[in-house]
Amino acid sequence: MARNKIIESLLFYPASVLYGLGVNIRNYLFSCGILKSQTFDIPVISVGNLAAGGTGKTPHTEMIIQLLKSKYTVGVLSRGYGRKTKGFRLLDSTATPQNCGDEPYQMYLKYGSSVTFAVCEKRTEGIKRMREENPKLQVIVLDDAFQHQYVKPSLSIVLTEFNRPVFYDKLLPLGRLREPISGLNRCDAVIVTKCPQNLKPIEYRIFINKLNLFPYQKLFFSHLVYGTPKALFPTSTYGYISLDGLSDRDAILSVTGIANPRPFVIYLRKHQAPVKVKTFGDHHNFTASDFEIIKDKFNSLQGEHKYIFTTEKDAVKIINNPHFPAELKPYIFYIPINVSIEDNEDGSFADYIIKHIAQNKVNN
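Definitions and cut-offs
Residues numbered from 1 in each chain as written. Predicted model: local features only at pLDDT ≥ 70, side-chain atom pairs only at ≥ 80, totals over all residues. Heavy atoms only, no water. Axes fitted to C-alpha atoms, helices over the stretch in contact; angles between N-to-C directions. Helix = DSSP H or I, 4+ residues; strand = E, 2+ residues; numbered from the N terminus. Left-handed = near helix turned anticlockwise from the far one by under 90°. Contact = heavy atoms within 4.5 Å. Nonpolar A, V, L, I, M, F, W, Y, C, P; charged D, E, K, R; others polar. Disulfide = S-S within 2.5 Å. Buried < 20%, exposed > 50% of the residue type's maximum accessible area, 1.4 Å probe, protein only. Polar contact = N/O pair within 3.5 Å; in protein donor to acceptor, adjacent residues only side chain to side chain. Core = buried A, V, L, I, M, F, W, Y, C linked by side-chain atoms within 4.5 Å. Expected span 1.5 Å × (residues − 1). Pairing = 2+ DSSP bridges.

Caption draft 1: The packing of helix H2 (residues 57-68) against helix H10 (residues 349-360), seen in detail. Put simply, H2 and H10 touch, their axes get as near as 11 Å, and they point 65 degrees apart. Relative to H10, H2 is oriented so that their crossing is right-handed. For the pair H2 and H10, contact is made by Met63, Ile64, Leu67 and Leu68 and by Phe349, Ala350, Ile353, Ile354 and Ile357, respectively. A per-class count over the contact of H2 with H10 returns nine nonpolar, no polar and no charged.

Caption draft 2: Highlighting the state of the cysteines. Under the defined criterion, the tally for this structure stands at zero disulfides. You can see Cys100 has no disulfide; the closest cysteine sulfur is in Cys120, sitting 13 Å from it. In this structure Cys100 comes out as buried when scored by relative accessible area, which is 0%. Here Cys187 stays unpaired: no disulfide links it, and the sulfur of Cys195, its closest cysteine neighbor, is 16 Å away.

Caption draft 3: View of unusual backbone geometry. In this chain, Leu172 is followed by Pro173 through a cis amide linkage whose omega measures 0 degrees. For Pro173, the location among the structural elements is in the loop between strand S6 (155-161) and strand S7 (189-193). Its identity as a non-glycine residue notwithstanding, Lys194 has a phi of 55 degrees, on the positive side. Exposure remark for Lys194: the relative accessible area of 15% places this residue in the buried category. One non-glycine residue, His283, adopts positive backbone phi at about 60 degrees.

Caption draft 4: Representation of the environment of Asn24 in the model. When you line up the elements, Asn24 lands in helix H1 (residues 2-31). By relative accessible area, which is 38% here, Asn24 ends up partly exposed. On a C-alpha basis, the gap between Asn24 and Val255 in space is 38 Å, while along the polypeptide they are 231 residues apart.

Caption draft 5: Representation of the side chain of Asn260. Residue placement: Asn260 occurs in the loop between strand S10 (251-256) and helix H7 (262-269). Looking at Asn260, its side chain comes within polar contact range of the side chain of Glu161, at 2.6 Å. Among the polar contacts listed, one links the side chain of Asn260 to the backbone nitrogen of Arg262, at a separation of 3.2 Å. Once you skip the residues sitting within four places of it in the chain, Asn260 turns out to touch Gly54, Glu161 and Lys194.

Caption draft 6: Here's a closer look at the nonpolar core. Core analysis: the biggest nonpolar cluster contains 52 residues, and Leu68, Phe117, Ile157, Phe309, Phe349 and Ile353 have the highest contact counts within it. At five residues, H2 tops the list of elements feeding residues into this core. Setting aside anything within four residues of it in sequence, one finds Ile157 in contact with Ile45, Ser46, Val47, Gly48, Ile64, Ala189, Ile191, Phe349 and Ile353. Counting 19 residues, the second largest nonpolar core, distinct from the first, contains Val158, Val166, Leu171 and Leu219.

Caption draft 7: Main features of H2. If you check H2, its first and last C-alpha atoms are 17 Å apart, about what 12 residues at 1.5 Å a residue would give, namely 16 Å. Along H2, the residues classified as buried are Lys57, Thr58, Pro59, His60, Thr61, Glu62, Met63, Ile64, Ile65, Leu67 and Leu68.

Caption draft 8: Expanded view of the sheet that holds strand S9 (residues 230-231). The strand order across the open sheet built from five strands is S9-S13-S12-S10-S11, with neighbouring strands paired in mixed fashion. Both outer strands of the open sheet, S9 and strand S11 (275-279), are each paired with one neighbouring strand and no more. Examined bridge by bridge, S10 and strand S12 (residues 306-311) share five bridges and lie parallel to one another. What sits directly across from Ala251, in S12, is Lys306. In the packing of H7 onto the sheet, the strands contacted are S10, S11, S12 and strand S13 (332-335), and the crossing angle to S10 comes to about 170 degrees.

Caption draft 9: Molecular detail of the environment of Asp343. Structurally, Asp343 is set in the loop between strand S14 (337-341) and H10. On the basis of relative accessible area, Asp343 is assigned to the exposed category, the value being 55%. Residues Asp343 and Phe220 lie 123 residues apart in sequence; the distance between their C-alpha atoms is 7.1 Å.

This is how it looks when you write it as structure tokens:
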């Protein structure tokens, strides 16, 4: 194993150095004004990261939406990663994971009646088009836009995962970093995500010391909150199910297509029912053959009662997929995820966001 890691490092190190050189040159061009960043006259909140996936951007973006939607007219702009369309698209009743991306579609299903959602690769164009479509927008949330420096947000939030923090990671392709840790200098706040419920004082100190943020930058810590599993299809015998109510005589199949399924599987395994795992790559588009594999694994489970549990992100793709086996529909559930952010020495994250908007809002 160690030998394989050495070989991997030797193979990827030159590419990682070249990648870092390219990123540093690009960042320099923005910092000295050769490449231009555009500001807007309403609050623009960017939620992003340095790593390539797995830090929990979607639940944190949803948390900000939930915080703001009753107080302001909110727009959310995403790139729409993995969609089969190009350019600007305003999400409406015709939205699907294929034409807008799985994560924007997931958020639209939850908040589309009260929030304006759009996707566009060029964020400056996307913001302009959104404001044309809805001139009453008071705040825009950018999903995964930290590296898109053509927009200069009024507030930039970067996420880093507790179990794989940026200061222990490496640049692509040797690690997962899209840019060096020095990129944190551009952000206003860092959230350490997927933390254990009870952080130890030494763990706080490690992140404070290793991140070494400027005095004006804020540091928050968040953890995942798993909700009650919900039936994915109406053919299920139960609309909801309690994991605590399962025993070691039952059996679970975990099915995920996300960047980091480990916390999800760990959560399932905290309960009594034994868990088997089937993982696919991030943003995976399920095929008929994938579902045959899932069906075989499900049928091989040993238990009085058998269940499939998946994530919210995967659920929106499965429910729209015509190849999902009808015989599995009564047994598949998804688990909603929320986040809880601890207060820091200056107060709550909610107060921090609301204060920022109050200081930057315009009347419209």
